[in-house]
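Remarks on the overall topology
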Amino acid sequence: QVQLIESGGGSVQAGGSLRLSCAASGFSASTYCMAWFRQAPGKEREGVATINNAGRTTYADSVKGRFTISRDNAKNTLYLQMNSLTPEDTAMYSCAARFCWTSSYRYWGQGTQVTVSS
């Protein structure tokens, strides 16, 4: 059974840090392109960061220099290190995986809530 399970969310004050994890099971995440998305109440889902199967990363402008996406293929786990958090980063964060030759994400996690207070 394919699963993506996020963890590491929580409440933090502005300026703080959190590290999100996304544990994959039922498939080898190392062969997939993976990403973190977020959705705040009343807003559309937005892509936060991506990493391909060669380790190349991309970031949304809003998080560049503050967030770092990484993967541990031995643990089949994706991470998102978030520093210098602001209230605007408050959202439900989800991880997703897709075949690198397609544009649609095939697998999605349920999400983990991040709340940043001022």
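Residues numbered from 1 in each chain as written. Predicted model: local features only at pLDDT ≥ 70, side-chain atom pairs only at ≥ 80, totals over all residues. Heavy atoms only, no water.

Points about the overall build of the protein
Within the protein one finds zero helices and 11 strands. Ordered by position from the N terminus, the helices and strands of the protein form the series β-β-β-β-β-β-β-β-β-β-β. A compact globule built from 118 residues would reach a C-alpha radius of gyration of about 13 Å, and the protein, at 13 Å, matches this within 12%. For the protein, the spread of C-alpha atoms along the principal axes amounts to about 40 × 30 × 25 Å. (Helix = DSSP H or I, 4+ residues; strand = E, 2+ residues; numbered from the N terminus. Rg over C-alpha atoms; globule rule 2.2 N^0.38 Å.)

Brief notes about the state of the cysteines
Taken as a whole, this structure holds two disulfides when the rule is applied. The partner cysteine of Cys-22 in its disulfide is Cys-95, sulfur to sulfur 2.0 Å. Judged by the sign of its S-S torsion, about 65°, the cystine formed by Cys-22 and Cys-95 is right-handed. Of this pair, Cys-22 sits in strand E3 (residues 18-25) while Cys-95 sits in strand E9 (residues 91-98), and the two are 73 residues apart along the sequence. (Disulfide = S-S within 2.5 Å.)

Considerations on the packing of aromatic side chains
In the structure shown here, the tally under the stated rule is eight aromatic pairs. Seen in terms of ring centroids, Tyr-32 and Phe-99 are 5.0 Å apart; in terms of plane orientation they differ by 25°. Their pairing is stacked. With Tyr-32 in the loop between E3 and strand E4 (33-39) and Phe-99 in the loop between E9 and strand E10 (107-108), this residue pair connects regions lying 67 residues apart in the sequence. Among the aromatic side chains, those forming a connected cluster through ring pairs are Phe-27, Tyr-32, Phe-99, Trp-101 and Tyr-107. Across from the ring centre of Phe-37, 5.6 Å away, lies the NZ or CZ of Arg-45, which sits over that ring. (Phe/Tyr/Trp six-rings, centres within 6.5 Å; stacked < 30°, edge-to-face > 60°. Lys NZ or Arg CZ within 6 Å of the ring centre and 35° of its normal.)

Describing the nonpolar core
Counting residues in each nonpolar core, the largest one holds 30 residues, and the members touching the most others are Leu-4, Met-34, Trp-36, Leu-80, Met-82 and Tyr-93. Elements supplying a minimum of two residues to this core: E3, E4, strand E5 (46-51), strand E7 (67-72), strand E8 (77-82), E9 and strand E11 (112-117). If we ignore the near neighbours within four places in the chain, the residues touching Met-34 are Leu-4, Cys-22, Ala-29, Ala-49, Thr-50, Ile-51, Ile-69, Arg-71, Leu-78, Ala-96, Ala-97 and Tyr-105. (Core = buried A, V, L, I, M, F, W, Y, C linked by side-chain atoms within 4.5 Å. Buried < 20%, exposed > 50% of the residue type's maximum accessible area, 1.4 Å probe, protein only. Contact = heavy atoms within 4.5 Å.)

Quick notes on the environment of Met-82
Looking at where Met-82 falls in the secondary structure, it is placed in strand E8. With 67 residues separating them in the primary sequence, Met-82 and Gly-15 have C-alpha atoms 10.0 Å apart.

Here we look at the pairing of E9
Among the eight residues in E9, seven count as buried, and that is most of the element. Pairing geometry for E4 and E9, over seven bridges, is antiparallel. Its bridge partner being in E9, Trp-36 is matched across the sheet by Cys-95. Two strands pair when backbone bridges link them, and E9 and E11 are joined in this way by three bridges, in the antiparallel orientation. In the sheet register, Tyr-93 faces E11, and the bridge partner there is Thr-112. As paired elements, E9 and E10 share two bridges and run antiparallel to each other. Residue pairing across strands places Ala-96 opposite Trp-108, the latter belonging to E10. (Pairing = 2+ DSSP bridges.)

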